[in-house]
Amino acid sequence: MKLKTKDGGWSPYLAGALVGVLAVVSVYATTQLMGKSNFLGASTTFVRAAGLLEQTVFPERVAANEYFTKEKVRVDWQFMFVIGIFFGALIASLSDKSFKLESVPPTWRERFGPSIGKRAAGAFFGGIVAMVGARMADGCPSGHGLSGMMQLSLSAFVALALFFGTGVVVAALFYRRKSS
Amino acid sequence: MSIEQILGLLTGIAFGFLLQKGRVLRFEKQVGAMLLKDMTIFKFMLSAILVGMVGIHILAGAEIISLSHKAMNLGAVLVGGALFGCGWAVMGYCPGTSIGAVGEGRWHAVFAVAGMVVGAALYAELYPFFKSTILAWKDFGKIGMAEVLGVSPWLIIPVFWAVVICIFVWFERRKL
């Protein structure tokens, strides 16, 4: 098994296994230092970010909202974790010169052309639908896919199967090239 | 910053670093998996699960940490999971990887991040409606596979490892 891939990255098996170690260390560290076992996750942070932004314009509306109250609008462990992902990716990509400004990814360009507007619309509306789904399911590929599967949670198996199963069907339809 | 915030930030930096080195932050890798052409994200994810699963169950068995299952709410997981899959395919990122993708310069992911913040606000508005409809169908509670099957997790883990190793071998043979 090669430790480096053709594009200069690490073997996904190696990088993934290290994430497994990180997940275990992180649960241990949060339990010891915060008194509560925190598992890796990302999507609740988007609720808190939405609440923090909305608060600047409609503070009463956020205070009165049942869901914001339930999830607690504050900069917590997971919020900083998600911000950390940005810096970690930046450091890693600068260290091996794989940082690249990209406005339209190749697969998208092949199907929908070089328009940044189309790509932005796809990312934006896809993002809305995906986040409504992730909050309803109470997790994303981090919370269900990684943390839930590690714990052998029933909901994680079902959620991951649906994430991917639906994704395969929609991707096949969405990126199918018109027969010319 | 509090200890909680510093800990979160450091863990996130390490996670983002590994996501980037594993090359799983790319739109091409995420959509590539959904088009069944490139299984990099599954090699990465399943490797993390194999290692993490053993460590988590050792710590939980020794009562050093406590497990935190997410509820198996039927409507929530089925409808929410399907909605997520639809959005994921078009967006080409999941919530965690979208932020990392911006970090490695794929700046179109900022539109995905913005969409997800709007989606979260929308969900907060619709929550009372969902709570009385989809979320109210049937809740099996916060349960794990061990309870469902009525066996020790240490019986499930070796089987899980064996299945995943077979999947890895198949990926490599098919050059996925």
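In this text the structure is predicted, and so the values were computed from the model without any measurement.

Definitions and cut-offs
- Residues numbered from 1 in each chain as written.
- Chains lettered and ligands numbered in written order.
- Predicted model: local features only at pLDDT ≥ 70, side-chain atom pairs only at ≥ 80, totals over all residues.
- Heavy atoms only, no water.
- Salt bridge = Lys/Arg side-chain N within 4 Å of Asp/Glu carboxyl O.
- Buried < 20%, exposed > 50% of the residue type's maximum accessible area, 1.4 Å probe, protein only.
- Disulfide = S-S within 2.5 Å.
- Contact = heavy atoms within 4.5 Å.
- Buried area = accessible area lost by both parts, 1.4 Å probe.
- Polar contact = N/O pair within 3.5 Å; in protein donor to acceptor, adjacent residues only side chain to side chain.
- Helix = DSSP H or I, 4+ residues; strand = E, 2+ residues; numbered from the N terminus.
- Phe/Tyr/Trp six-rings, centres within 6.5 Å; stacked < 30°, edge-to-face > 60°.
- Axes fitted to C-alpha atoms, helices over the stretch in contact; angles between N-to-C directions.
- Parallel < 35°, antiparallel > 145°, perpendicular 65-115°, else oblique.
- Nonpolar A, V, L, I, M, F, W, Y, C, P; charged D, E, K, R; others polar.

1. Regarding the pattern of salt bridges
Applying the stated criterion across every chain, the model contains 14 salt bridges over all chains. The salt bridge partner of Glu71(A) is Lys70(A), with a shortest N-O separation of 3.2 Å. Note on Glu71(A): relative accessible area 12%, which makes it buried. The partly exposed category is assigned to Lys70(A), whose relative accessible area is 45%. Through salt bridges with shared partners, one network takes in Asp7(A), Asp96(A), Lys21(B) and Arg23(B).

2. Quick word on the state of the cysteines
Residue and element names in this part refer to chain B. Under the definition given, this model contains 0 disulfides over all chains. Looking at Cys86, it has no disulfide partner, and the nearest cysteine sulfur is the one in Cys94, 16 Å off. Judged by relative accessible area, Cys86 falls into the partly exposed class, the value being 29%.

3. Digging into the interface of chain A and chain B
Much of the literature gives interface size as the accessible area that the parts lose upon coming together. Chain A puts 121 residues into the contact, and the matching count from chain B is 116 residues. In total, chain A and chain B occlude about 10,300 Å² of area from one another, counting both sides; carbon and sulfur atoms represent 75% of this. On the chain A side of the interface with chain B, the three residues burying the most area are Tyr13(A), Met136(A) and Leu152(A), jointly 8% of the side's total. Between the two partners, chain A and chain B, sit 6 salt bridges. Among the ionic pairs, Glu125(B) bridges to Arg61(A), the shortest N-O distance being 2.7 Å. Joining chain A to chain B, the criterion identifies 37 residue pairs in polar contact (both at pLDDT 80 or more).

4. Considerations on unusual backbone geometry
Here Asp138(A), not a glycine, exhibits a phi torsion of approximately 65°, which is positive. Here Asp138(A) lies in the loop between helix H7 (116-137) and helix H8 (141-150).

5. Structural notes on the packing of aromatic side chains
Here the structure, examined in full by the defined rule, presents 26 aromatic pairs over all chains. Geometrically, the ring pair formed by Phe86(A) and Phe87(A) is edge-to-face, given 5.1 Å between the ring centres and 90° between the ring planes. Using a relative accessible area of 38% as the deciding quantity, one classes Phe87(A) as partly exposed. Following the ring pairs from residue to residue traces out a cluster consisting of Trp108(A), Phe112(A), Phe174(A), Tyr175(A), Phe27(B) and Tyr93(B).

6. Considerations on the packing of helix H2 (residues 43-57) of chain A against helix H5 (residues 77-95) of chain A
All names here are of chain A. The contact between H2 and H5 brings their axes to 9 Å, and the two run at 100°. Here H2 lies roughly perpendicular to H5, going by the angle between them. Contacts between H2 and H5 pair Ser43, Thr44, Thr45, Arg48, Ala49 and Leu52 from the former with Gln78, Phe79 and Val82 from the latter. Looking at the contact of H2 with H5, its residues break down into 4 nonpolar, 4 polar and 1 charged.

7. Remarks on the environment of Glu172(B)
Following the sequence through the fold, Glu172(B) ends up in helix H8 (residues 153-173). A relative accessible area of 41% places Glu172(B) in the partly exposed class. Placed 143 residues apart in sequence, Glu172(B) and Lys29(B) show a C-alpha to C-alpha distance of 16 Å. Look past the residues within four positions of Glu172(B) in its chain and what remains in contact with it is Tyr13(A) and Lys43(B). Side chain to side chain, Glu172(B) and Tyr13(A) meet in a polar contact 2.5 Å long.

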